[in-house]
Amino acid sequence: MARTAKPVIPPAVAKAISASADPARAQHGFARLGAEGMALATLTKEHARILAAVVAGSETMGQLLLKHPELADSLLTPEHLTHPRQEQGLRREVQTWLEPALAALDYEGALAKLRQFKQREMLRIAARDLARLSDAAVITREISNVADICLQTALALCRQQFEARLGQPFHQDAAGAWHATQLVVLGLGKLGGQELNYSSDVDVLFVYSEEGHVFKEPPRRKVVTPPALTNHQFFKRLAEAFFAEITRTTSDGMLFRMDLRLRPEGETGPLVRSVASYENFYAQWGQTWERMMLIKARRVAGDASLAGEFLEMIQPFRYPRSLGEGALREIAAMKRRIESEVVRAGELGRNVKLGRGGIREIEFIVQTAQVLHAGRTPFLQGSQTLPLLDKLAQYQLLGAREAADLRQAYCFLRDVEHRVQMESNLQTHTIPEQPLARARLARLMGFAGTPAFEEALRRQTERVRELYEKLVSSNNAEPASELPRQFKGAESDWKQVLTTHRFRQVDQSIRLLNEFANGPGYVHVSQRTTELAMQLLPRLLALCEGTPARDRNVLSDPDRVVARLDRFITAYGARAILFETWTSHPQLFELLLLLFDRSEFLAEMAIRTPDLVDELVLSGRLGRSKSAPEILADLRHGWHDEDQRLWLRRYHQAEFMRLGLRSILGLANPEQNFVELTALAEACLQYALEAACRNARLKRCPVAVIGLGKLGGRELTYGSDLDVVFVAKDKAQRQLPKLQKLAVDMMDLLGAQTELGIAFVIDARLRPDGEKGLLVNTLAAYRDYYRHRAQLWEIQALTRSRPVAGDHAVRDQFQAIAAALTDFREPSALDPSPSALPKMRRAKPKRAPQLASGATSRPACYAPDWKQQIARMRRRIENERTPTGQDALAFKTGHGGLIDVEFVAQTLCLERGWREPNTLRALQLAREQQALTASDADDLIENYRELRRLEGILRRWSFEGEAVLPTDPAPFYRVSVRCGFETPEAFRSAVAKWRNRIREVYEKVFPPTETHRS
């Protein structure tokens, strides 16, 4: 319109101008509005006051109003501003144009309208704020509602475009049914707490429900070849597009700045994750600051059900029932780092958010109380600061006066923050230094002058700081350490420390610990890294204190642990990151130290693959036991790997480390550890057999693998060979040459030496005729050999037979043969009992082994004095395999050793016709059926367990077939510590006691007169 005359300012408007915070700016603004045709004379006093507050209080909002003067009459009237707009009303307004836009695929038009909606609403809210028509709590809630609607709308627009172009993501449930995969955007920080200010970033996390694939059409139950695009890829692209749209600046402005750095692993971590991935991360790696951050987590866009699932999953993490004593120190340290590293020099007293006595200290007071108490007091759970202050007073975690003071300070400081930010829409929290700007801020805050404002600000921040020091910061400094603060010049002090902590190579260990803290000289180490190292050293030394008791984590060889720690850090490389991780997760640091002390071969594996332990801990797999079918399912994920030998070894290596850590941590007792190691071996055997059959182009496996020895008894320990025999159907006689190659191929897959070592040593020498016999033979050949040519020890070995891989029908028939041959019951012990052959009869009655005629089913080696023969065999083992003069150390072959117990169990199985290959369960069966007295059986079980635990500890260290305790005092001492004894003498006495009691029971089964009879 034509600007022909300067508009006349009516008295009501003039009065509003003079009362505003910046009369000159207000005067100019009204002149512009009048020039644009606004009837200034018709303005009411209240309407004029509102407009004056806007143009004087915020340059950004004033410019927006002058750009769209029509909003003065349509939006900024008293009638529109008296009450806040509710979220439901805002959503209804957006839906009126969003749904038609989605239907018409008018995405650009819809996004332009969304930006215009945001601009209008922020102008409306600012007008209510500047005109003092509402308080800070309501204002921040209104801004947050606008942000929610903008984010939800932008996500809907982006997702519809992506699904139209790429398809829809789906995932399968456990039953194989397909479901649409959902995404949720979670707000954190002020967005999550519905406490946004005018220039806040919006902090978000992206979460999708499950891994899966993207399909153009909903998939059927069975999809042979999933599409190439995975759910992760789809949602990553969607999140990137969503981020770009939210932060893009157009002629209608920008929606919001968005911060994605609060996600796991920060800027280096994946942009999107599944619920399971978040669960694993927070369970294993979550830090105190992440607990506090997640307190604010709230759905702002996307699927509501998925948001509920995520929030339920993180509930125990963000609201723990208990926290370690270092939590308060960590929180106080976070605030100190903010003050020293984030706030600019000279701004500590002027930054109303991060400075001393600022908004962040009030939030820290509330969130600290929540982290410490809300796990046990659910009413303290919530994301908004002001309601929580009332709750803390209600539950007497804050005094009523303290809560009121913090509430008042919070509202005051938020008002200051808003007025600072509204001026030019800048992301600032700092009070300006310029006198004119400070005077203007004072008037915006309702003060007559700068001194009154600054006095009020001082009172508020000093009170907040006082309460923060009282409730969070005071008495939470790191406890003073008794250790020397440095190494240089304190060598004698460190010598004394290490000597009292059982170090023996003191000079070498001091050098290595100095390098641990300060670097090896050729590596630059920051002061922060050195500080972290000095925090870790007390944890190392704590594991060297006290006297070892059963299952107590005391290092047996601190010098060796420190040497391995040095090698591990060198292999890892990123010392600062590693120390940060260990400081945040001290249990991981202590676990590595125990690993270096408890297992030489696992320690070397960890040093060769430094990330392996971290990955196992991060994955959450340490806490669960896995069966052979579960392991086999894992192995089959590598079915298409080009090098199956390396795939088997990589998987075997990771699983061996996992099982070793479970054992070291006490998550699996020795017997469970043996079962889990056996399950790994079984799965590897089955997988290798399947791979060998595929290489031989066999559609069905014609061979069964029978485990003997510890494999058959589910009693494998570290370094155990796998004793097996290979059995084929009778009709496979002509295929035997091909099947020999099949067995060799399978054994090569597991046992051939590679750059990653071997998986398992396969020992097939227990087959008929030993190394001279065929590697694979038929059922008929096995039956004939065992009946006519086998020696008694071979029949005894069959008591521990158990099918572990291959053809099920062959496995069942072999077990039926073994059941009949190992049944020495009198008077007709060779007739298989009905319970021994049900599977054989069901499987193939007409081809079942002919073992039912008592006269022909006894093995030829059977004799009435068979027990005496077994006793003589045991005597030869004791004499020939026990090193001369070392019977007291030979816990396996010597007097009262492991073999005593195993021979008792196997003899009872032969005598009673039991099919129980596991030694402990055979002894338990002997107790139940009174083959042994309850006292003898219990003693045998208890002492056998002790010796097996000892064997497991020795083998876990060396991965070799340890059968004799060390002769040298130093390694003997280390073994005694690992076994939980205070002194080598106490350990030696305990071993002798276990073995003597075993021999007592053994001699009741094999009386000495029989044992020594020639």
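The coordinates are above.
Residues numbered from 1 in each chain as written. Predicted model: local features only at pLDDT ≥ 70, side-chain atom pairs only at ≥ 80, totals over all residues. Heavy atoms only, no water.

K.L.:
Outline the nonpolar core, supporting the account with residue identities and numerical values.
P.N.:
Of all hydrophobic cores here, the largest spans 101 residues; its most connected members are Phe 516, Leu 540, Trp 582, Met 657, Leu 685 and Phe 726. A per-element tally of this core places helix 31 (residues 670–695) first, with 13 residues. Not counting residues within four places of it along the chain, the set of residues in contact with Met 657 comprises Leu 595, Leu 602, Met 605, Ala 606, Leu 612, Val 613 and Leu 616. Met 38, Leu 90, Cys 150 and Cys 158 belong to the second-largest nonpolar core, a separate cluster that totals 84 residues. (Core = buried A, V, L, I, M, F, W, Y, C linked by side-chain atoms within 4.5 Å. Buried < 20%, exposed > 50% of the residue type's maximum accessible area, 1.4 Å probe, protein only. Helix = DSSP H or I, 4+ residues; strand = E, 2+ residues; numbered from the N terminus. Contact = heavy atoms within 4.5 Å.)

K.L.:
Describe in detail unusual backbone geometry, supporting the description with residues and values.
P.N.:
Even without being a glycine, Arg 132 presents a positive backbone phi close to 60°. Looking at where Arg 132 falls in the secondary structure, it is placed in the loop between helix 8 (107–130) and helix 9 (136–166). One non-glycine residue, Arg 502, adopts positive backbone phi at about 70°. Mapped onto the secondary structure, Arg 502 falls in the loop between helix 21 (491–500) and helix 22 (506–518).

K.L.:
Any chance you could break down the environment of Ala 409 for me, citing the residues and the numbers?
P.N.:
Inspection of the secondary structure puts Ala 409 in helix 18 (residues 400–422). Here Ala 409 falls in the buried class, since its relative accessible area comes to 0%. Along the primary structure Ala 409 and Leu 186 are separated by 223 residues, whereas in three dimensions their C-alpha atoms are 28 Å apart. The contact partners of Ala 409, leaving out residues within four places of it in the chain, are Ile 362, Gln 460 and Val 464.

K.L.:
Give me the lowdown on the packing of helix 7 (residues 87–104) against helix 9, citing residues and values where you can.
P.N.:
Between helix 7 and helix 9, the least distance of the axes is 10 Å, while the angle of their chain directions is 20°. In terms of orientation, helix 7 lies roughly parallel with respect to helix 9. Considering only the axes of helix 7 and helix 9, their crossing is right-handed. Residues Glu 87, Leu 90, Arg 91, Val 94, Trp 97, Leu 98 and Leu 102 of helix 7 lie in contact with helix 9, whose contacting residues are Asn 145, Val 146, Asp 148, Ile 149, Gln 152, Thr 153, Ala 156, Leu 157 and Gln 160. (Axes fitted to C-alpha atoms, helices over the stretch in contact; angles between N-to-C directions. Parallel < 35°, antiparallel > 145°, perpendicular 65-115°, else oblique. Left-handed = near helix turned anticlockwise from the far one by under 90°.)

K.L.:
Lay out the sheet that holds strand 1 (residues 168–172) in plain terms, naming residues and giving numbers.
P.N.:
With antiparallel pairing, three strands are arranged side by side in an open sheet as 2-1-5. If you trace the sheet from one side to the other, it starts and ends with strand 2 (178–180) and strand 5 (213–215), each paired once. Adjacent strand axes in the sheet meet at a mean angle of 45° when their direction is disregarded. Pairing of strand 1 with strand 2 involves three bridges; the strand directions are antiparallel. Bridge pairing links His 171 to His 179 in strand 2. (Pairing = 2+ DSSP bridges.)

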